[in-house]
Structure formats: structure tokens, C-alpha cells
Amino acid sequence: MKINQKIVFYFGLGGILPVIYFAVEGLYTGEKALSAPSFYSNVLIDLIISCTMTTSVSWLVLISLKRVDIIFPWEKNVWKRFAADVLITPAIAVIGVYPLALLTYNLYGHDSTLNGHILKNIVITIVLDLILVAIYEGVYFFKQWKQSLIKSARLEKENISSKFEALKNQINPHFLFNSLNTLSSLVHEDADKSEAFIEEFARIYRYVLENQENVVVPLDKELKFIHSFMYLQKIRFGDSLESDIKIDTSKLEMLVPTLSLQLLIENAIKHNKVTKSDPLKIKIYVEGDFLIVENNLQLRKHVYNSTGIGLKNLKDRYGLMTDIKPEFIVSEHAYIAKIPLIAESTLY
């Protein structure tokens, strides 16, 4: 049974309470007697009418709240939603209960005036509506709070995993060996270039250590890191590796997951041949609200230490921050990674 059906069911049963109250009150004051022939039939009729009215009001209020969810969601405008809760839903409930009040008056309500009977039913309906709205919104906020805790826990887990992967990739023996081997050759060939290599090498580790706690960083900051990373790679591969980075300055303040570009570039180098005869060409540019990392496709025959965890981790991280998903496209001649540029205001 869904939560809305449960609410209607329990409020329908709640219609029994006022009938019991007025029946006991009548017996206590002497206005009613158990021996009266009409006592049980009147109680039965009262039960049917009361339960019908509470059930009807519950359905009307919940249907109204469903429509309010669509037209005035809390995420867009809090004040409009609050006004809808306290004004629109009671009005709809009152309009819906009005014909029922007329019906009940014609059936058995001649102990009061028509206006008095209708007013009493309207007051009861508004009170019932406010209770229902409070329960409905309470359940909604509890669910949102619970989901935010789950998302926060998942994001923390993904972030820890990402930091571990980044540190592992940067400080693993292969990276150190390749970088130190390249530096060893440079020292004997070009002292100035070897000094520049050391400076860029230091920048890479400084960036990783300074930003490992950050889930996202501005694109401008990530690109500066990538320039250092690509410098090392180009020293290592020479003319076998080409890069072309063209980014609209208006997009530099947009956010990307930390170390996401490095992951995509490493992925391209890992899976493709990088030779003088077949140079790997990496292009980085913006298309709409997506950052594109594109490389020509020239796959290696054998790729070692490839688990696919990096791209999966990147997808999961985006899933915890935005509804827009990254795309990975393989064509006949190119591999294209499209990752969303995130505006700070749209983050979960």
C-alpha cells in the first residue's frame, strides 16, 4: 500500500472518532439512550457519512498536493509552494466538501441552521487539510533528508576512491620511473629543459595534494594543471604526441570534477599507439556546456592494467552532482569524451 493510500485509509478510519465522541457525549448527557430504537441506526449512518467525508477530503487534498508538486516544486520557489499549501489546497478541499455538507444536512442535519452546518464542515475540512498537508510535507522532507544523507555518503565514498586513484596514478612506480628516466636523459642533454621539467613535475604533485579534498574545481585551474601534465608527456613522447587546447574564456569559471581531464588524457595515451609514424593527437575544446576531449583512434593491440574503474568513477561522481551525464563516443576514426561543465548554482 502506497503512502498516499495509507494516509487516506487512516484518515478514513479517523472518521469513526467524532462519531464515538458524540455518541458517548449523548449518552452521558442523557440526550441519547442505548434503548432508543434509532440509536444504533443513527450511529451507523453517522459512521458512514463521517468516514465518507474524511476519506473524500483526504483524497482531494492529496490529489491537490500532487498537482502542487508539479506546478510549485519546493526547489524552484519556496514561498509560492508555501502559499499553495496553506491557501490553494484548503480552498479545493472546501469546494469539494461543500456538496457533501449539503447532502448530510438534508439527510440528518436539521439540529442546526444550514449555514451553521456548512460552516462547521468547512472548519473541520480546513483543520483536516492542514493536518494532511503537515503530514504530507513532513514525509516529503524526511525522504529528501534521507536521500541527501545517502547521496552525501556516496559522494564521499566516490571522492575518496577518486583521490586514491589519482594519487595511485600519479605516484605509482611506472609514472615515477618514466618521469625520472626522462629527466635523467634531459640532465645530460639540456639543463634548462631539465629544470623546467622538474618545475612542472613539482606543480603536478602540488596540485594533486592541494586539491585532493575538492570534489570539483574551476576549469581554469584544471587546465593549468593539464598544461603541466602535458608538458611532461610531450617531453617523454616528443613529436609522437600532439595537443590542441582551445577554450572559450567565458567557460573558465565553470566547474569540472577534480583530475577529470588528467584521467581522460591518460586514458587516451594508455589505449592508443603513440609513435612518430602514428602520432596521438589530443584536442580539448568546449561545445555548448560540454568539455570535449577528443583523440584520433589508433588502438594498441594489448592494453595492460586497464580495469575501466576510472571512467566508471567519473560517471558516478557526475551522477551525484548533476542530472547531466558524461558521454563517451567511439567513431571509426576518433574517441570523444564529453563531460558536462557544471555551474555552481546547479550542484546538488
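Residues numbered from 1 in each chain as written. Predicted model: local features only at pLDDT ≥ 70, side-chain atom pairs only at ≥ 80, totals over all residues. Heavy atoms only, no water.

Enquirer: Even after reading the chapter, I still don't get the packing of aromatic side chains, so can you show me in this structure?
Expert: Enumeration according to the criterion identifies five aromatic pairs in this entry. On the numbers, 4.4 Å between centres and 10° between planes, the contact of Y207 with F225 is stacked. In this pair, Y207 is assigned in helix α7 (residues 191-211) and F225 in helix α8 (residues 219-237), connecting sequence segments 18 residues apart. Feature note: the residues F197, F201 and Y205 constitute an aromatic cluster, connected by ring pairs. (Phe/Tyr/Trp six-rings, centres within 6.5 Å; stacked < 30°, edge-to-face > 60°. Helix = DSSP H or I, 4+ residues; strand = E, 2+ residues; numbered from the N terminus.)

Enquirer: Looking at this structure, how should I read the confidence of the model for the protein?
Expert: Parts of the model with low pLDDT should not have their predicted coordinates read in detail. Here the protein averages 76 in pLDDT, while 71% of its residues score no lower than 70. This stretch, residues 23-35, has a pLDDT under 50; its non-local contacts, to residues over four places away or in other chains, come to 14 contacts. (pLDDT = per-residue confidence, 0-100. Contact = heavy atoms within 4.5 Å.)

Enquirer: What is the right way to look at a negative patch on the surface in this model?
Expert: On the surface, a cluster of negative charge is contributed by E189, D190, D192, E195 and E199. For the negative patch, the element with the highest residue contribution is α7, accounting for three residues. Tracing the sequence through the fold places E199 in helix α7. (Patch = residues over 30% accessible without salt bridge, like charges linked within 9 Å, V, L, I, M, F, W, Y side chains within 5 Å. Areas by Shrake-Rupley, 256 points an atom, 1.4 Å probe, with all protein chains shown as cover. Salt bridge = Lys/Arg side-chain N within 4 Å of Asp/Glu carboxyl O. Lys, Arg positive; Asp, Glu negative; His and termini not counted. Charge placed at Lys NZ, Arg CZ, Asp CG, Glu CD.)

Enquirer: Explain the sheet that holds strand β4 (residues 280-287) here, please?
Expert: Pairing within the open sheet is mixed, and its five strands lie in the order β2-β4-β5-β7-β6. Of all strands in the sheet, those with a lone pairing partner are β2 (241-246) and β6 (327-330), marking the two edges. Across the sheet, the mean angle from the axis of one strand to that of its neighbour is 15°, orientation sign disregarded. For strand β5 (residues 290-296) and strand β7 (residues 334-340), the ladder comprises seven bridges, and the chain directions are antiparallel. In the sheet register, V293 faces β7, and the bridge partner there is A337. Against the sheet, helix α9 (residues 260-271) engages β2, β4, β5, β6 and β7, with an angle of about 150° to β4. (Pairing = 2+ DSSP bridges. Axes fitted to C-alpha atoms, helices over the stretch in contact; angles between N-to-C directions.)

Enquirer: Even after reading the chapter, I still don't get unusual backbone geometry, so can you show me in this structure?
Expert: A negative phi angle characterises most non-glycine residues, just as the trans form characterises most peptide bonds. We note that L259 has phi near 70°; this positive angle belongs to a residue other than glycine. Summarising the element assignment, L259 is placed in the loop between β3 (255-257) and α9. The class of L259 is buried, set by a relative accessible area of 9%. (Buried < 20%, exposed > 50% of the residue type's maximum accessible area, 1.4 Å probe, protein only.)

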